[in-house]
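Here is what each chain is made of, one letter per residue.
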Amino acid sequence: MELRDKVAIVTGGGRGIGAALARRFQAEGAAGIVVADLDEAAATAVAEQVGGIAMVCDVSSEVDIQNLVKAAETHYGPVDLFCSNAGLGFGDAGPLAASLPNDKWELLWQVHVMSHVYAARAVLPSMLERGSGYLLNTASAAGLLSQVGDAAYSATKHAAVGFAESLAIRHGDQGIKVSVLCPQYVATAIIGRDGQHSDLPPGVISVDELADCTVQGLRDERFLILPHPQVLDYHQKKTADYDRWIAVMQQLKSAAVDDDGNIDFELIHQLIGGAAK
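Rules behind the numbers
Residues numbered from 1 in each chain as written. Predicted model: local features only at pLDDT ≥ 70, side-chain atom pairs only at ≥ 80, totals over all residues. Heavy atoms only, no water. Helix = DSSP H or I, 4+ residues; strand = E, 2+ residues; numbered from the N terminus. Expected span 1.5 Å × (residues − 1). Bend = angle between axes of the 7 residues up to and from the residue. Buried < 20%, exposed > 50% of the residue type's maximum accessible area, 1.4 Å probe, protein only. Contact = heavy atoms within 4.5 Å. Core = buried A, V, L, I, M, F, W, Y, C linked by side-chain atoms within 4.5 Å. Pairing = 2+ DSSP bridges. Right-handed = clockwise from strand over helix to strand, strands pointing away.

Overview of helix H4 (residues 102–130)
(1) Moving on: The end-to-end C-alpha distance of H4, which contains 29 residues, comes to 41 Å, matching closely the 42 Å that a straight helix rising 1.5 Å per residue would cover.
(2) Moving on: Along H4, the sharpest change in direction is near 45 degrees and occurs at methionine 114.

See below:
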């Protein structure tokens, strides 16, 4: 997909990855950009930067997603690209992988999985009628590999990748393109580096680097968009020998997670590559 003259919606667009994607879409000549976020002020600020419109949207609400698409269609016309990007993380609440409370598991499920379902329901009928459209779903390398110390995040991101696969299989011959964005470590608030673009640890990229990679992935219409290309190698090694992969990830966990479940992200950044060797 070339973004020139296209209409795009970006959820979680008020900061971080979403804001960088909105700016990059504008630079590519998108005809209209809808910046959606729970934070109205943040969404408005980005929308003003890209000459788009801002919408307050809770992606865990199907009604909000439906209203978001209706607003985009009213203002710009048919939606060409729905970038379902909103996400969050909590980390394991203690030493047990199952220790996160049920309400937070449910919130992660709604935001990381059902938001993609709601987006597809909202835009696919019109896209299928036109015979064209693009769904870009942000997951994570954790959806392919698992995030040490964050079971709920990893489980829901795996489900997000699985749903994207189903969309591509079911609708790929109907003019619908699907990509799933699976970055590893990006300088965002989720790892405590929101807005930082310099002095990043090894393996951490800026949101602008991620946006550049994403636009190229859309241009190539790749299903897996991997801003960290080594993730594919890691994934291949994982599936080739699951027991070995689990063993080296256990070693990584022992080195980087303390008895209370606190994660040393700096150390993980240094060690993650070794887990795939």
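Quick look at the environment of glycine 32
(1) Moving on: Structurally, the position occupied by glycine 32 is in strand S2 (residues 32–37).
(2) Moving on: According to the relative accessible area criterion, glycine 32 is buried, its value standing at 3%.
(3) Moving on: Along the chain, glycine 32 and glycine 51 lie 19 residues apart, while their C-alpha atoms are 7.8 Å from each other.
(4) Moving on: Setting aside residues no more than four positions away along its own chain, glycine 32 makes contact with Lys6, Val7, Ala8 and Tyr76.

Looking at the nonpolar core
(1) Moving on: Ile9, Phe82 and Leu135 are the most contacted members of the largest nonpolar core, which has 45 residues in total.
(2) Moving on: If you list the elements that add at least two residues to this core, you get S2, helix H3 (62–76), H4, helix H5 (151–171), strand S6 (176–181), helix H7 (230–240) and helix H8 (242–256).
(3) Moving on: Among the elements that make up this core, the one with the highest residue count is H4 (10 residues).
(4) Moving on: Residues contacting phenylalanine 82, with those up to four places away along its chain left out, are Ile9, Thr11, Ile65, Leu68, Val69, Ala119, Val123, Tyr134, Leu135 and Leu136.

With respect to the pairing of S6
(1) Moving on: Within S6, five of the six residues are buried, which leaves the element mostly enclosed by the surrounding structure.
(2) Moving on: Pairing analysis gives six bridges linking strand S5 (residues 133–138) to S6, with the strands arranged parallel. Bridge pairing in S6 places tyrosine 134 opposite lysine 177.
(3) Moving on: Handedness of the β-α-β unit built from S5, H5 and S6 comes out right-handed.
(4) Moving on: Bridge count between S6 and strand S9 (residues 224–225): two bridges; the pairing is parallel. Each residue of the ladder has a partner; that of valine 180, found in S9, is leucine 224.

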